[in-house]
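One letter stands for each residue in the lines below.
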Amino acid sequence: MTAKENVHLHEIHKFGSLAERWWDTQGEFKTLHDINPLRLRFIRDHAYIDGRRIVDVGCGGGILTEGLAKNAAKVLGIDLSQELIDIADLHSLESGIKAEYRKISAEALAQEQPESFDHVTCMEMLEHVPDPLSIVYACAQLVKPGGMVFFSTLNRKPKAYLLAIVAAEHMLKMVPKGTHDFKTFIKPSELSQWARYAGLELVSLCGIEYNPFNKRFSLGKDIDVNYLAAFRRPE
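Residue numbering note: each chain is counted from 1, following its sequence as written. pLDDT decides what is reported in this predicted model: residues at 70 or higher carry local features, side-chain atom pairs at 80 or more are listed and counted, and totals for whole chains, interfaces and linings draw on all residues regardless. Calculated side-chain values reflect all of the structure's heavy atoms, with hydrogen atoms and water omitted.

Turning our attention to the packing of helix H6 (residues 132–142) against helix H8 (residues 188–197). Note on definitions: angles span 0 to 180 degrees between N-to-C directions of axes, and those axes are lines fitted to C-alpha atoms, for helices only across the stretch in contact. The way it works is that DSSP assigns letters per residue, a run of H or I at least four long becomes a helix, a run of E at least two long becomes a strand, and they are numbered from the N terminus. Running from amino to carboxyl end, H6 crosses H8 at an angle of 45 degrees, the nearest separation of the two axes being 9 Å. Considering the angle they form, H6 stands oblique to H8. H8 is crossed by H6, and the crossing has right-handed handedness. Contacts from Pro132, Leu133, Val136 and Tyr137 in H6 reach Leu191, Trp194, Ala195 and Tyr197 in H8. Ten residues, namely Ala, Val, Leu, Ile, Met, Phe, Trp, Tyr, Cys and Pro, are considered nonpolar, four, namely Asp, Glu, Lys and Arg, are considered charged, and the remaining ones, Gly among them, are considered polar. For the contact of H6 with H8, a count of residues per class yields eight nonpolar, no polar and no charged. When describing relative orientation, an angle under 35 degrees is termed roughly parallel and one over 145 degrees roughly antiparallel, while 65 to 115 degrees is termed roughly perpendicular and anything else oblique. Throughout, a crossing is termed right-handed when the near helix is turned clockwise from the far one, and left-handed when it is turned anticlockwise from it by less than a right angle. In what follows, residue pairs with any heavy atoms lying within 4.5 Å of each other are defined as contacts.

Shown next, in the form of structure tokens:
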């Protein structure tokens, strides 16, 4: 890994050190498992993925990557943590769900394979890198004209600080402490502007809402905390 790569080393070590627990549906990453069906629904609502080639940028241990593969997509998951790539590969072998994984940055893959993917996903990653705009540009370069690019991240609003950090990390312990840094949260207006600079058109924004009473997540109109965004690269 070079110093020029768009990555916080402490973030790689933080998530890599938890790699062996990535697929524990009741462990530290339970929230990722719980919201994965919603992410897949949002993607399928905006893109035809059967047989399509998709790259999952910042794939982690492969939760979304395998979900896409189960829905008949041809998926490449990329990440800069070798520990997570190894776990993703191992789980793919164990589950029998065919997915490909590589340790490579989005920027490097965009130089290597521009306009090579029907769709691109990048979930819960932008807030963990030094230069999120660079990731947005790389995703725009990776997708074919006419293809869709999907992001999810956290809104930089006081409500997001209270719910995603104070409540989720410290009170409810839904995610490990230190998972998020409020300063790195991204407003939808910022993400939309970056995407526009990269040549992408906004198609849809959707919130991921949590009900503490039934402990369930759902898609909704409230984008003040977690939100999903769908963009299209024009033909």
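Picking up where we left off.
Sheet architecture is open: eight strands sit in the order E3-E2-E1-E4-E5-E8-E6-E7, paired in mixed fashion. Strand pairing shows two members of the sheet lacking a second neighbour, strand E3 (100–103) and strand E7 (216–220), which therefore form its edges. Going across the sheet, the axis of each strand differs from the next one's by a mean of 20 degrees, ignoring polarity. Running over the sheet, helix H2 (residues 30–46) touches strand E4 (117–123), strand E5 (143–154), strand E6 (201–211), E7 and strand E8 (226–232) and is turned about 25 degrees from E7. Across the sheet, H8 is in contact with E5, E6 and E8; its angle to E8 comes to roughly 20 degrees. Note: two strands are recorded as paired if DSSP finds a minimum of 2 bridges between them.

Glancing now at the pairing of E5. Burial within E5 is extensive, with nine of its 12 residues counted as buried. Alignment of E4 against E5, held across six bridges, turns out to be parallel. If you follow Thr121 over to E5, its bridge partner there is Phe150. In terms of strand pairing, E5 meets E8 through seven bridges, oriented antiparallel. From the neighbouring strand, Phe151 faces E8, where its bridge partner is Ala229. Relative accessibility under 20% of the residue-type maximum defines a buried residue, over 50% an exposed one, and the middle range a partly exposed one, all with a 1.4 Å probe and only protein chains included.

Direction vectors running N to C along H2 and helix H3 (residues 63–70) enclose 45 degrees, while the axes themselves pass 10 Å from each other. Regarding the angle of H2 to H3, the classification is oblique. Considering the relative orientation of H2 and H3, their crossing is right-handed. Every residue of H3 that contacts H2 at Leu32, His33, Asn36, Arg39, Leu40 and Ile43 is listed here: Ile63, Leu64, Gly67 and Leu68.

A few words now on the nonpolar core. What makes a nonpolar core is a set of buried Ala, Val, Leu, Ile, Met, Phe, Trp, Tyr and Cys residues whose side-chain atoms join them at distances within 4.5 Å. Counting residues in each nonpolar core, the largest one holds 34 residues, and the members touching the most others are Trp22, Ile43, Ile49, Leu68 and Phe150. Looking at this core, the elements that each hand over two or more residues are H2, H3, helix H4 (82–95), E5, E6 and E8. Dropping the residues within four chain positions of it, Phe150 is found in contact with Phe42, Ile43, His46, Ala47, Val120, Thr121, Cys122, Met123, Ala229 and Ala230. Listed in part, the 32 residues of the second largest apolar core include Phe117, Leu142, Val149 and Phe151.

Let us now look at the packing of aromatic side chains. We call Phe, Tyr and Trp rings a pair once their centres come within 6.5 Å, taking the six-membered ring for Trp, and we label the pair stacked below 30 degrees between planes, edge-to-face above 60, and tilted otherwise. One pass over the structure, following the stated rule, counts five aromatic pairs. Where Phe151 meets Phe231, the ring centres are 6.0 Å apart and the plane angle is 70 degrees; that geometry is what we call edge-to-face. Of this pair, Phe151 sits in strand E5 while Phe231 sits in strand E8, placing them 80 residues apart in sequence. Per residue, the accessibility class of Phe151 equals that of Phe231, and both read buried. Relative to Phe217, the ring of Tyr210 lies with its centre 4.7 Å away and its plane at 45 degrees, an arrangement referred to as tilted.

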